Amino acid sequence: KRISKPLIVLLIFALLGGGCYGVYVLLDFMNIEIPFVSDYFKPQISDPAGNLKIETLDIDSSFVKNVKAGKLFIITGKIKNGYSDARSYIRVTGKLYAKGKILVQKETVFCGNVLSDIELSNLELPAIKKRLSNRLGDNNSNIKVKPGQELPFMIVFGNLPGNLEEFAIEAEGSVPG
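The text that follows walks through the structure, step by step, so that each part is easy to find. Keep in mind the model is a prediction, meaning the values are calculated, not measured.

**Here's the deal with the sheet that holds strand E3 (residues 87-98)**
In step 1: Pairing in this open sheet of 3 strands is antiparallel, and the strands run E4-E3-E6 from one edge to the other. In this open sheet, the two strands that pair with only one neighbour each are strand E4 (102-110) and strand E6 (164-176). On average, adjacent strands in this sheet sit at an angle of 20° to one another, irrespective of strand direction.

Here it is as structure tokens:
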């Protein structure tokens, strides 16, 4: 029995399409990008806040007794710049949750600002928050953070509710350069 010409043409196009897709998958697996084609199949992810490649490390927490504000909850840690370019004004957000995963407090600070235990014990809470909101960081450490470089951060919470259960840290954002 003979096969019709339109069916043969359709079969050829199907084989060519499948072959092209197979080559694309193989090149993508080997991290070889094809201009325009790779963008069509795998569009770029938008990162307007500049937080997708900022990693948090060495997270720790403690309580400190302040002479004026009472008990303070301190979260410390480091961020790591995972971008391929330098980043500035990197900020992180800490969140405190009460029982039942209810958000009770949220603080955003700029990285590179760290206070000593003596400062945490003696400074007033507004002065502490002002120091931690210095966008340049101590000694301009939050300017042009190189790729792979780590930078410390500190978040301070006052006026703590009695039913705290957990906390969370997330990179809030950064800007290029």
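**Some points on the pattern of salt bridges**
In step 1: Under the counting rule described, the total for this entry stands at 7 salt bridges.
In step 2: Asp85 serves as the salt-bridge partner of Arg87, at 3.8 Å between the closest nitrogen and oxygen.
In step 3: Ionic pairing is found between Glu119 and Arg131, a salt bridge with its closest N-O pair at 3.0 Å. With a gap of 12 residues between them, Glu119 in helix H3 (residues 117-122) and Arg131 in helix H4 (residues 125-132) connect regions that are remote in the sequence.
In step 4: Since its relative accessible area comes to 26%, Glu119 is described here as partly exposed.
In step 5: Residue Arg131 is classed as partly exposed on the basis of its relative accessible area of 31%.
In step 6: Several salt bridges share partner residues, and in doing so they unite Asp58, Lys78 and Glu150 into one network.

**Structural notes on helix H1 (residues 5-29)**
In step 1: For H1, which comprises 25 residues, the first-to-last C-alpha distance of 36 Å matches the rise-based estimate of 36 Å (1.5 Å per residue) to within 8%.
In step 2: Asn31 sits one or two residues past H1 and shows a positive phi near 55°.

**Structural notes on the packing of aromatic side chains**
In step 1: Taken as a whole and assessed by the stated rule, the structure comprises 3 aromatic pairs.
In step 2: The interplanar angle of 35° and the centroid separation of 6.5 Å between the aromatic rings of Phe73 and Phe157 together place this pair among those described as tilted. In this pair, Phe73 is assigned in strand E2 (residues 70-81) and Phe157 in strand E5 (residues 150-157), connecting sequence segments 84 residues apart.
In step 3: A network of ring pairs unites the aromatic residues Phe63, Phe73, Phe157 and Phe167 as a single cluster.
In step 4: Its guanidinium or amino end placed over the ring of Phe63, Lys71 lies 4.7 Å from that ring's centre, counting from NZ or CZ.
In step 5: Residue placement shows Arg135 over the ring face of Tyr89; its charged tip is 3.8 Å from the ring centre.

**With respect to the nonpolar core**
In step 1: Grouped together as the largest cluster of nonpolar side chains are 27 residues, with contacts concentrated most on Ile79, Leu120, Ile155 and Val156.
In step 2: Mapped by element, the contributors of at least two residues to this core are strand E1 (54-66), E2, E3, H4, E5 and E6.
In step 3: Element by element, the count of residues in this core is highest for E5, at 6 residues.

**Here's the deal with the sheet that holds E2**
In step 1: With antiparallel pairing, the 3 strands of this open sheet are ordered in space as E1-E2-E5. Strands with a single pairing partner mark the edges of an open sheet, and in this sheet they are E1 and E5. Put simply, the sheet's adjacent strands are angled 20° from each other on average, direction ignored.
In step 2: Summarising the sheet, E1 and E2 pair through 11 bridges and their orientation is antiparallel. Within E2, the position partnered with Asn66 by the bridge is Gly70.

What counts and how
- Residues numbered from 1 in each chain as written.
- Predicted model: local features only at pLDDT ≥ 70, side-chain atom pairs only at ≥ 80, totals over all residues.
- Heavy atoms only, no water.
- Pairing = 2+ DSSP bridges.
- Helix = DSSP H or I, 4+ residues; strand = E, 2+ residues; numbered from the N terminus.
- Axes fitted to C-alpha atoms, helices over the stretch in contact; angles between N-to-C directions.
- Salt bridge = Lys/Arg side-chain N within 4 Å of Asp/Glu carboxyl O.
- Buried < 20%, exposed > 50% of the residue type's maximum accessible area, 1.4 Å probe, protein only.
- Expected span 1.5 Å × (residues − 1).
- Phe/Tyr/Trp six-rings, centres within 6.5 Å; stacked < 30°, edge-to-face > 60°.
- Lys NZ or Arg CZ within 6 Å of the ring centre and 35° of its normal.
- Core = buried A, V, L, I, M, F, W, Y, C linked by side-chain atoms within 4.5 Å.

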